[in-house]
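One-letter residues, chain by chain:
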Amino acid sequence: MMMNTIFRTEVAQGWLLVYMDDITIHTKREKHENEQQHIHRHRQYVHHMLDKLEQNDLYLKPKKCDFEQNKSTTSES
């Protein structure tokens, strides 16, 4: 519940999903974006999420992190 509370705005905006202790950021390329613009926007979301975690004294386990993947997978603890 804590993660859903912390990221309620991002979840409502539709680009971040929280399931238990897993966070997924998903973006689709907008029609007006080229690939570089899409990657830039996605990276901005990642930085935003990382900053918000840090502000709440929460940290990621590097071994559970996958960045810039075309498909999402669920990591095991």
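Right above here is the structure, for reference.
Please read all numbers here as calculations on a predicted model, not as lab measurements.

Asker: Give a description of the nonpolar core that names residues and reports values.
Answerer: Counting residues in each nonpolar core, the largest one holds eleven residues, listed as Met3, Ile6, Phe7, Trp15, Leu16, Val18, Ile25, Val46, Met49, Leu53 and Leu58. Only helix 1 (2-6), strand 1 (16-19) and helix 3 (35-55) provide two or more residues apiece to this core. Element by element, the count of residues in this core is highest for helix 3, at three residues. In contact with Phe7, not counting residues within four places along its chain, are Leu16, Val18, Ile23, Met49, Lys52 and Leu53.

Asker: Can you break down the pairing of strand 2 (residues 22-25) residue by residue, with the values?
Answerer: Across four bridges, strand 1 lies against strand 2 in antiparallel orientation. Bridge pairing in strand 2 places Leu17 opposite Thr24. Hairpin connection, strand 1 to strand 2: the antiparallel pair is bridged by two residues, and Met20 has positive phi, about 55°.

Conventions used here
- Residues numbered from 1 in each chain as written.
- Predicted model: local features only at pLDDT ≥ 70, side-chain atom pairs only at ≥ 80, totals over all residues.
- Heavy atoms only, no water.
- Core = buried A, V, L, I, M, F, W, Y, C linked by side-chain atoms within 4.5 Å.
- Buried < 20%, exposed > 50% of the residue type's maximum accessible area, 1.4 Å probe, protein only.
- Helix = DSSP H or I, 4+ residues; strand = E, 2+ residues; numbered from the N terminus.
- Contact = heavy atoms within 4.5 Å.
- Pairing = 2+ DSSP bridges.

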